[in-house]
Amino acid sequence: MGFISFNLEFYRNELQILTTAPVNDERIYRAKQLLKMLDDLVDEGYTELNYKLEETYSGVSKLRAYLENNHIEPFPVCRKPFSTADITYENCARELTAAIQELTVNAEKGTELRYDVFLSELVDFCKWIGYEENTAYIFLLRDTLLPYIYYQSKNRKNIYPWLLSRKTLTKLTGTDNADDKIRSSIFNALKSGQCRNFRSFCNMALPDIRSVLKNYPEIKECLITLLDEIKEKHIVVVESGCSGTFPMLLMSLDERVDFRMYTTYPYLLKIYGDKIYSSKYENCRLFETLYSQDLYFRFADLKDGEFFVEKCNNKEIEKYAFAETKAILQLSKADTF
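Draft legend 1. Local environment of the overall build of the protein chain. A count of helical and extended segments in the protein chain gives 16 helices and 7 strands. The globule rule puts the C-alpha radius of gyration for 337 residues at 20 Å, and the 20 Å found for the protein chain is close to it. Judged by the C-alpha coordinates and their principal axes, the protein chain covers about 55 × 45 × 40 Å. Considering only residue pairs separated by 6 or more positions, the protein chain has 72% of its internal contacts joining residues 24 or more positions apart. Looking at the protein chain as shown, the accessible area adds up to about 15,900 Å², and 45% of this sits on carbon and sulfur atoms. Positive and negative side-chain charges in the protein chain, numbering 44 and 50 respectively, have mean positions lying 2 Å apart.

Listed below in structure tokens is the structure:
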């Protein structure tokens, strides 16, 4: 319950400020971000925080009223054009790197481009991450599929696409919500009030994650085996955001690991510091809801150190995924990173 309890206290304090302090542009922007965090959680199917916040403080209603009273529209919710319940996938598991290669080949053959304005932002994100010798880059899919393809198009070595997700951990453990237990370590550290910077945050969160993993030896064994296959001196884990659960999980297992994320929750910005590309949390769902990253593949299996995916059957989703991938490949050819 670390996430829920921390956020209830966080929102209580934020609402107190909004309702007592003079209205200004900074506070209006803050209210928009606070509401966007809640709207995104609901859109992803996580409703508990909204329910408890409304029940306890009328928090959601107060945020909407604050914006309405100041004649401000909330950030739009990036709703998916397809319901995941209506999408079917091939009953054929493909090894992940082979599936990505097939995607890029088919995209290059295609004639359609989808220059989503956010694709240029992804390229800038990749340039910000950079590329160093003696460093491996792990791209946490699905949300960093296009950045991985961008690096691959540049013939970068030592890049690894890993499909780590809630489903992956469920497959490894046979139980649901293992990721929630790990995420709680992050919020327990925040809630302690003793985290002044990233180092002190890690000193609290990483041992707690290791303690959680005692209940999930399958996760620890699998990830250590995968990490041991990487021989570079440094490892950079690349993720979209927001809480950093999986990067922190990998940090707890290997001292070589560092990470870079596109964005994070506002209350983690100071802690994660220069590991974060953008403070604009409201753009995170733009990152995550691109067709190629959100819908084209889904996790199928993890066995013998290899990830497997299933490809969707929807031709319209495939068309958009090809068009996005072709666009990122063309943007790659146009720059010198």
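Draft legend 2. Highlighting unusual backbone geometry. Omega for the bond connecting Leu141 with Arg142 falls within 30 degrees of zero, at 20°, which places this linkage in the cis form. Secondary-structure assignment places Arg142 in the loop between strand S2 (135–140) and helix H7 (145–153). Look at the link from Gly241 to Cys242: it is a cis peptide, with omega at 20°. Mapped onto the fold, Cys242 is located in the loop between strand S4 (234–239) and helix H12 (245–253). Even without glycine at this site, His71 takes up a positive phi of about 60°. Within the secondary structure layout, His71 lies in the loop between helix H4 (59–69) and strand S1 (94–95). Residue classification places His71 among the exposed positions, given a relative accessible area of 73%.

Draft legend 3. Here's a closer look at the environment of Phe307. For Phe307, the location among the structural elements is in strand S7 (residues 306–311). Among the residues examined, Phe307 registers a relative accessible area of 4% and is labelled buried. Measuring from C-alpha to C-alpha, the distance between Phe307 and Thr168 comes to 9.2 Å, with 139 residues separating the pair along the chain. Excluding residues that lie within four positions of it along the chain, Phe307 makes contacts with Arg94, Glu95, Leu96, Pro161, Trp162, Leu163, Leu164, Thr168, Leu226, Asp301 and Leu302.

Draft legend 4. Expanded view of the pairing of strand S3 (residues 159–162). Pairing analysis gives 4 bridges linking S2 to S3, with the strands arranged parallel. In the sheet register, Ile138 faces S3, and the bridge partner there is Tyr160.

Draft legend 5. The sheet that holds strand S6 (residues 297–303), seen in detail. Reading across from one edge, S1-S7-S6 is the order of the 3 strands in this open sheet, with antiparallel pairing throughout. At either margin of the open sheet sits one strand with a lone partner, and together these are S1 and S6. In this structure, S1 lies alongside S7, joined through 2 bridges in antiparallel fashion. Looking at S7, one finds that Arg94 is bridged to Val309.

What counts, and at which threshold
- Residues numbered from 1 in each chain as written.
- Predicted model: local features only at pLDDT ≥ 70, side-chain atom pairs only at ≥ 80, totals over all residues.
- Heavy atoms only, no water.
- Helix = DSSP H or I, 4+ residues; strand = E, 2+ residues; numbered from the N terminus.
- Rg over C-alpha atoms; globule rule 2.2 N^0.38 Å.
- Contact = heavy atoms within 4.5 Å.
- Areas by Shrake-Rupley, 256 points an atom, 1.4 Å probe, with all protein chains shown as cover.
- Lys, Arg positive; Asp, Glu negative; His and termini not counted.
- Charge placed at Lys NZ, Arg CZ, Asp CG, Glu CD.
- Buried < 20%, exposed > 50% of the residue type's maximum accessible area, 1.4 Å probe, protein only.
- Pairing = 2+ DSSP bridges.

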